[in-house]
Number of protein chains: 2
Amino acid sequence: MVVPIQEAKRFMVEAMVAVGTVQQHAEQMADVLVAADYRGHYSHGLNRLEMYLADIETKTTDANAKPAVLKESPATAWVDGNNALGPVVGNFCMQLAIQKAEAVGVGWVVAKRSNHYGIAGWYTRTALQHGLLGMSFTNTSPLMGPTRAKEAALGTNPLSLAAPGKNGDSFVLDMATTAVAVGKIEMQRRKGEPITEGWAQDPQGQSTTDADLAFKTGCLMPLGGPEITSGYKGYGLGLLVETFCGVLAGSAFGPNIRRWMENTDRPADLGQCFVAINPQFFAPGFEDRMSSLMDHLRSMHPADPSKPVLVPGDPELNHMKMVDEQGGVPYHENQLKASAALAKRLAIRPLQEA
Amino acid sequence: MVVPIQEAKRFMVEAMVAVGTVQQHAEQMADVLVAADYRGHYSHGLNRLEMYLADIETKTTDANAKPAVLKESPATAWVDGNNALGPVVGNFCMQLAIQKAEAVGVGWVVAKRSNHYGIAGWYTRTALQHGLLGMSFTNTSPLMGPTRAKEAALGTNPLSLAAPGKNGDSFVLDMATTAVAVGKIEMQRRKGEPITEGWAQDPQGQSTTDADLAFKTGCLMPLGGPEITSGYKGYGLGLLVETFCGVLAGSAFGPNIRRWMENTDRPADLGQCFVAINPQFFAPGFEDRMSSLMDHLRSMHPADPSKPVLVPGDPELNHMKMVDEQGGVPYHENQLKASAALAKRLAIRPLQEA
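Each value, and the rule that gives it
Residues numbered from 1 in each chain as written. Chains lettered and ligands numbered in written order. Predicted model: local features only at pLDDT ≥ 70, side-chain atom pairs only at ≥ 80, totals over all residues. Heavy atoms only, no water. UniProt positions renumbered as here; feature names shortened; annotations may be inferred. Pairing = 2+ DSSP bridges. Helix = DSSP H or I, 4+ residues; strand = E, 2+ residues; numbered from the N terminus. Least-squares fit on C-alpha atoms with pLDDT ≥ 70 in both. Contact = heavy atoms within 4.5 Å. Buried < 20%, exposed > 50% of the residue type's maximum accessible area, 1.4 Å probe, protein only. Polar contact = N/O pair within 3.5 Å; in protein donor to acceptor, adjacent residues only side chain to side chain. Salt bridge = Lys/Arg side-chain N within 4 Å of Asp/Glu carboxyl O. Buried area = accessible area lost by both parts, 1.4 Å probe. Nonpolar A, V, L, I, M, F, W, Y, C, P; charged D, E, K, R; others polar. pLDDT = per-residue confidence, 0-100.

- In the nomenclature of an unreviewed UniProt entry, chain A is known as Malate dehydrogenase of Cryptotermes secundus.
- Chain A has a UniProt comment under Sequence similarities (unreviewed entry) that states "Belongs to the LDH2/MDH2 oxidoreductase family."

Right, dumping it as structure tokens:
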């Protein structure tokens, strides 16, 4: 019961086109969503399609708008996303950053008036294809409680770095700056099981293990959890991401960003940041050293022999291998049901299993 | 029983000069150490002076060497630290990054063959004086256990970001990517008290609360602690820092770096990275938005009314205010005794209390 990657993409493209998206933009969106599912980040794949469709149908996002450069130097650009689809803005900015890094060693591009752009790692891995390092950051709806605070003021604010090793190997960090994503709390809640201390707060601003209360409160703890285990560092990292996104870009930022799944009548006006770095402008042999370090890490003695030491990006590679072996993505039954209903509503061909 | 800032600096400069450092380099070193004490990071101030002196006396560090540019573009530079004092390399690189950011919007400078450079925040705060954002990263001796590993392979690998707000206000993040610094474990050990779960590992690679065992094992956990609370993110951040430092610079990296307080017969060959970003190349009004966000955060309802919500950098500002009010730094008695012995050995004037 798996769906081949190409079929998943076909379905997503047709759905996007059915609500009025031009083919090329629909394909950019589908590529990012399919990549998320392929890599095992199901929350950011097909699962999000209906959210993007709703944004287009309500004209909250302009599916056919194109981003434009507002200010530019050999190493930087400030971009107006023009409320286009997140991946359209993201790909535009990353390509720009790559061109600049190829010319002068580093490209730093920020965009305002963007939308949800899917997994941050999509953009940074683009840089790998050019032998470059890539970084990306996006702000998101308020969902994280700054250390000591009772309420949320920053988003899950993810950051990603991709760096090339030898023979196609790579280090790909793609992480929210909160301890966990909301999805992990939702999963425990559905199972009726408690959450781990340090994931989320109750309405009084204390760490809670009650999954239901945590879900309703909607206030994640930053990476590091409470103050005693240095949660203020995760809070600081969330603020770092916001500084490079909303504050540098002049978009909405922090508590001003529309709430998740609320206020969907107004554009998201997200801020995003894209960086490319050309290792050829620094010490020769970057890929050799990167691979040497990754090889060392992967060969370390694990505390539990059944759990080998990994490099960030390895869990995703393992998932991709599994998908390749099975001939497709093993979507959850509920996901397939929702997709069937969607196909009917949009009058497109339903998802075909392999 | 406090020592005025200027007197602390005088003492450090004289000590550095007594072992053969030229005045200008001695002053650069003293400025960084005094700044650490002023800001309350005592582990990185006067406390470290004897380590630097030993490196100079054994000629492991070349106190009078100057860094040199090996490769350069309008936006980047690759620097050979020439085994000079860390602050001499760091100041050189940050000035270069600032010049480039003033010209083309961003400056990205990496150095190999550097030495311990003190607090990362020293360099990033230099960028503030030019209305720029500053970032800095350094690799350090192996002391952090990658998630699932039994042993250390990366250092505490700190990162810093400084960003200017209005009227001299600022956001200054300066953090190790480990859950805590070794000093915190040392302190619990001296008090005979346990450490918090998630700070450090035992020899089997499990989280321990035994301060003595943790100190002897010398394997800190990354920010986030164990895998269940996303410690792999902190591990990924440590690897990000190493990528921008040792791997990009072509210096020693990861497990190849000499052990802390061991192998002191060979140069540290540290890698460091310095970035400056000019907000004028992006959306107008950066400082207004930064201050608006910081004001919001500081005015949030705290879970505990006696513990206000802070912005990274605020604890240091509070400490500086305390030092100003007391007319000097309140050094620990043992620190003063050690300094008296040092003064005798080097035949310099002892530290004078206010």
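## Quick word on the pairing of strand β1 (residues 68–72) of chain A
When a strand is regular, its side chains alternate between the sheet's two faces.
Here is step 1 of the chain: When β1(A) meets strand β2 (residues 76–80) of chain A, the two strands line up antiparallel, connected through four bridges. Following the sheet pairing, A:E72 is matched in β2(A) by A:A77.

## Observations concerning the relation of the copies chain B and chain A
Here is step 1 of the chain: The operation relating chain B to chain A is a screw motion whose rotation component is 180°, with 0.0 Å of axial translation and a residual RMSD of 0.0 Å. Taken together, these values place the two copies in the relation of a two-fold axis. Distance from the rotation axis, computed per C-alpha, reaches its smallest value in chain B at B:G224: 2.0 Å.
Here is step 2 of the chain: Both copies present the same face, since 100% of the interface residues in chain B are matched by interface residues at the equivalent positions in chain A.

## Here's the deal with the side chain of A:S73
Here is step 1 of the chain: Structurally, A:S73 can be placed in the loop between β1 and β2.
Here is step 2 of the chain: Taking relative accessible area as the criterion, A:S73 reaches 9% and is therefore assigned buried.
Here is step 3 of the chain: Reaching out from A:S73, the side chain makes a polar contact with the backbone oxygen of B:V104 at a distance of 2.6 Å.
Here is step 4 of the chain: Leaving out residues up to four positions away in the same chain, A:S73 has contacts with A:K100, B:V104 and B:F281.

## As for the environment of B:G131
All names here are of chain B.
Here is step 1 of the chain: Summarising the element assignment, G131 is placed in the loop between α5 (121–128) and β4 (133–138).
Here is step 2 of the chain: Relative accessible area serves as the criterion here: at 23%, G131 is assigned to the partly exposed category.
Here is step 3 of the chain: Placed 127 residues apart in sequence, G131 and R258 show a C-alpha to C-alpha distance of 37 Å.
Here is step 4 of the chain: With residues near it in sequence (within four places) discarded, G131 still touches P164, P279 and E287.

## Details of the pattern of salt bridges
Residue and element names in this part refer to chain A.
Here is step 1 of the chain: In total, this model carries 30 salt bridges over all chains according to the counting rule given.
Here is step 2 of the chain: Where D314 meets R298, a salt bridge forms, and the shortest distance between an N and an O atom there is 2.9 Å. Of this pair, D314 sits in helix α10 (residues 314–326) while R298 sits in helix α9 (residues 286–298), and the two are 16 residues apart along the sequence.
Here is step 3 of the chain: For R298, a relative accessible area of 26% corresponds to the partly exposed category.
Here is step 4 of the chain: Overlapping salt bridges bring together E7, R10 and E14 as one network.

## Let's talk about the interface of chain B and chain A
Here is step 1 of the chain: Opposite the 88 residues of chain B that make contact, chain A presents 88 residues.
Here is step 2 of the chain: If you sort the residues of chain B by the area they bury against chain A, B:R148, B:K233 and B:F282 come out on top, with a joint share of 11%.
Here is step 3 of the chain: At the boundary of chain B with chain A, the tally comes to zero salt bridges.
Here is step 4 of the chain: Run the count over chain B and chain A and you get 28 residue pairs in polar contact (both at pLDDT 80 or more).
Here is step 5 of the chain: Mapped by element, the contributors of at least two residues to the side of chain B that touches chain A are β2 (76–80), β3 (106–114), β4, β5 (159–164), β6 (170–175), α8 (231–249), β9 (270–277) and α9 (286–298) of chain B.
Here is step 6 of the chain: The leading source of residues in the side of chain B that touches chain A is α8(B), at 15 residues.
Here is step 7 of the chain: Across the side of chain B that touches chain A, the residue classes tally to 56 nonpolar, 22 polar and ten charged.

## Here we look at the confidence of the model for chain A
Here is step 1 of the chain: Here chain A averages 96 in pLDDT, and 100% of its residues register 70 or above.
Here is step 2 of the chain: The complex prediction reports pTM at 0.98, with the ipTM value standing at 0.98.

## A closer look at the environment of B:R349
Residue and element names in this part refer to chain B.
Here is step 1 of the chain: Checked against the element boundaries, R349 lands in the segment after α11 (333–346).
Here is step 2 of the chain: Under the relative-accessibility criterion, R349 is labelled partly exposed at 43%.
Here is step 3 of the chain: For the pair formed by R349 and G285, sequence separation is 64 residues and the distance between their alpha carbons is 50 Å.
Here is step 4 of the chain: What R349 contacts, discounting residues up to four positions off in sequence, is E7, R10, F11, E14 and A343.

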